Amino acid sequence: MELNQAQKNAVRHKDGPMLVLAGPGSGKTLVITERTKYLIQEHKIYEENILVITFTRAAAGEMKERFLRLMGINGTGVSFGTFHSIFFAILRYAYNLRPENIIREEERRACIKDIVFSMGQEYEDEKEFISELLSEISMVKGNRIELSTYYSLSCGDEVFRRIYREYNKKIKSAKKIDFDDMLLLCYELLSERSDILKLWQNKFKYILVDEFQDINILQYDIVRMLAAPKNNLFIVGDDDQSIYRFRGAKPEIMLNFPQDYPDSKKIFLNINYRSNIHIINCAGHLISHNKTRYKKELTAHVKGGSEVLIGHFETMAEQNDKLAEEIIRLVKENKSLSDMAILVRTNLGAGAILHKLMEYNIPFIAGDNLPNIYDHWITQDLVSYIRIAMGENNRGLYFRIINRPTRYIGRECFDNHQVNIKDIYDYYEDKEWMRGRIEQLEYDLAMLSKMTPFAAIQYIRRGIGYEEFLKEYASQRKMKYEELLDIIDELHESSRGFTSYSDWFTHMEEYKEELKRQAQNSKNRKTDGIHIMTMHSSKGLEFSRVFLIDVNEGITPHKKAVLPESIEEERRLFYVAMTRAKKQLYIFSSKQRYNKAMIPSRFIAETIQQ
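Small disclaimer: the values here were computed from a predicted structure and weren't measured. (Residues numbered from 1 in each chain as written. Predicted model: local features only at pLDDT ≥ 70, side-chain atom pairs only at ≥ 80, totals over all residues. Heavy atoms only, no water.)

### A closer look at helix H6 (residues 126–142)
In step 1: For H6, built from 17 residues, the straight-helix expectation of 24 Å at 1.5 Å per residue is met to within 8% by its first-to-last C-alpha distance of 24 Å.
In step 2: For H6, every residue scored as buried is listed here: Phe129, Ile130, Leu133, Leu134, Glu136, Ile137, Met139, Val140, Lys141 and Gly142.
In step 3: Against the buried residues of H6 lie helix H5 (105–118), helix H7 (157–173), helix H8 (179–192) and helix H10 (217–227).
In step 4: Phi turns positive, to about 50°, at Arg144, one or two residues after H6. (Helix = DSSP H or I, 4+ residues; strand = E, 2+ residues; numbered from the N terminus. Expected span 1.5 Å × (residues − 1). Buried < 20%, exposed > 50% of the residue type's maximum accessible area, 1.4 Å probe, protein only. Contact = heavy atoms within 4.5 Å.)

### Observations concerning the side chain of Lys176
In step 1: One can find Lys176 in the loop between H7 and H8.
In step 2: Non-local contacts of Lys176, meaning those with residues more than four positions away in its chain, are made with Glu100, Asn101, Ile102, Ile103, Glu107 and Ile171.

### Considerations on the domain arrangement of the protein
In step 1: In terms of domains, the protein is made up of domain 1 (5–95 + 184–269), domain 2 (103–176), domain 3 (299–363 + 528–607) and domain 4 (375–505).
In step 2: In this structure, domain 2 and domain 4 have C-alpha centres spaced 31 Å apart.
In step 3: The interface of domain 2 with domain 4 comprises twelve residues on the first partner and nine residues on the second.
In step 4: Taking both partners together, domain 2 and domain 4 bury about 900 Å²; carbon and sulfur atoms supply 36% of that area. (Domains from an automatic or database assignment. Buried area = accessible area lost by both parts, 1.4 Å probe.)

### Examining the sheet that holds strand S11 (residues 364–366)
In step 1: The six strands lie next to each other as S9-S14-S13-S10-S12-S11, forming an open sheet whose pairing is parallel. Two strands in the sheet have a free side with no partner beyond their single neighbour: strand S9 (309–313) and S11. Between one strand axis and the next, the sheet turns through 20° on average, direction left out of account.
In step 2: One ladder, built from five bridges, connects strand S13 (residues 543–548) with strand S14 (residues 581–590); its direction is parallel. Among the inter-strand pairings, Leu548 is bridged to a residue of S14, identified as Ile587.
In step 3: With respect to the sheet, helix H14 (residues 316–332) is in contact with S9, strand S10 (340–344), strand S12 (530–534), S13 and S14, its orientation differing from that of S14 by roughly 155°.
In step 4: Contacts from helix H24 (residues 564–578) reach S10, S13 and S14 within the one sheet, and its direction differs from that of S14 by about 130°. (Pairing = 2+ DSSP bridges. Axes fitted to C-alpha atoms, helices over the stretch in contact; angles between N-to-C directions.)

### Concerning the pairing of S10
In step 1: The element S10 is extensively covered by neighbouring structure, given that five of its five residues are classed as buried.
In step 2: Along S10, one buried face is formed by Met340, Ile342 and Val344 and the opposite face, lined by Ala341 and Leu343, is buried too.
In step 3: Inspection of the sheet shows S10 paired to S13 by four bridges, in the parallel sense. Across the sheet, Leu343 pairs through a bridge with Leu548, a residue of S13.

### Notes on the pattern of salt bridges
In step 1: Throughout the structure, instances matching the rule amount to 54 salt bridges.
In step 2: The closest approach of N and O atoms between Arg496 and Glu493, which form a salt bridge, is 3.1 Å.
In step 3: The partly exposed category is assigned to Arg496, whose relative accessible area is 41%.
In step 4: According to the relative accessible area criterion, Glu493 is partly exposed, its value standing at 31%.
In step 5: Counted as one network, the salt bridges with shared partners bring together Lys28, Asp210, Glu211, Asp214 and Lys539. (Salt bridge = Lys/Arg side-chain N within 4 Å of Asp/Glu carboxyl O.)

As structure tokens, then:
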């Protein structure tokens, strides 16, 4: 492929700092590999003096492969690696650090789980909670935030600080470090040992950084030290695609690069080779509403093509029917399913769509991170109520529901593995006020035994007061109560139409098996399926046809996004999602979702006007 003028200017840059603003589909990987080749062939720079940094091992491997093909060679002295792999090499040289000193992800999770358990904390969404804690620990370390000034997003501030300290203490006693410690150690080493710093500065005389918008402060500070004093730092990225603020990445780092390097040059790769002109124009209108950004305009190499199709529907069910019908129509026109994608804002937003794809027998490829709503802890609570009402008396079922909502019934009254309500009465025989609570529970279970699944969920939510428990839990976890309501709403709707519990439970098992079958087929490449993934997961990918579903306020932008910078991040995420499409982009919203009134996302109107 012949380089355009902006790409040529970037490739031919030799000395000093340069900022390359690379819009989506503008050939940034091509520019990085071509510039590396140019440095070697035209300026006779030794391969060993060039460092190319990416954010994932897969990206580093792909970049290296493309460079080797470009050069027509089998091996190279150029260093291609992630931040972590490069910094590990530096620490290995200085401290004889070995791979076994790096704590594995499963060990980190087990460590946090043990700490939370030892503190007597209990969280139903344990897996998600641990992920959030680890993300916050990484945020504090990566941005060198003073712990006493950090306010947790997932639990009480003092609870988080205690977990943070205990986590560091535990991994230190095990003679382990995590990836964030690796960055901190590297920063401290290079700050304190000028001799070691000089050694690496002399080795890496030319540094190229891909996806620079995803960098955090600590990574940036280390790269700046390595690039000094000549500052041959070539950064490539797009502030409009900065979507990992929750990991510590901030577009402000990229925006302030010219202030950090007043003599830096700036080039904008302004031609998009991926999407048609209608998609690029709509995406450009959308992102222009952000204030914290470099002002720039992409142009499309592909002129003409299909216009962006915006669909507003009365209900979510109508939206999903239209989605399925459109996919089937495209398949009949011999369009490949594997070249289509359905993008959702969050993992849990995919449930209703997966149901619809199964209903229409449309094969799909779902990422491993898309959960099954029937595995959710809220589902397990409701199912436990129903199973007890059906006559099951396993102690584990009672443990799940006995204080949801609070009844002040202690676990110690369940002596036997098989529960008899009479035993609970006997345990509290001298507490008349408790007898009333037990009688109410017995009455509620009797009522549930006669209901359909849909009516039962309604009764558990409102009659028994399960929603009050959810409200308290959301407060404890610093979550939005509405997020938990979304889960129970989806589950409630999925139960509609089943006349018996056994039919509903059978459906759950069949759904689980179908998810497994589809996952296995896609793993074995046995099926041509449509991709379904979150907007975040779609970063770096492209498809001929993309469906953006549930584009409503509260979903995208997400209900958590309140502050202006959060809304701008949501807009960048939607921009990323839009620019995954090559030939056709669909944007769907509905007026009603699980019997609740919804309004279209502000982003839809913004795609039409600047």
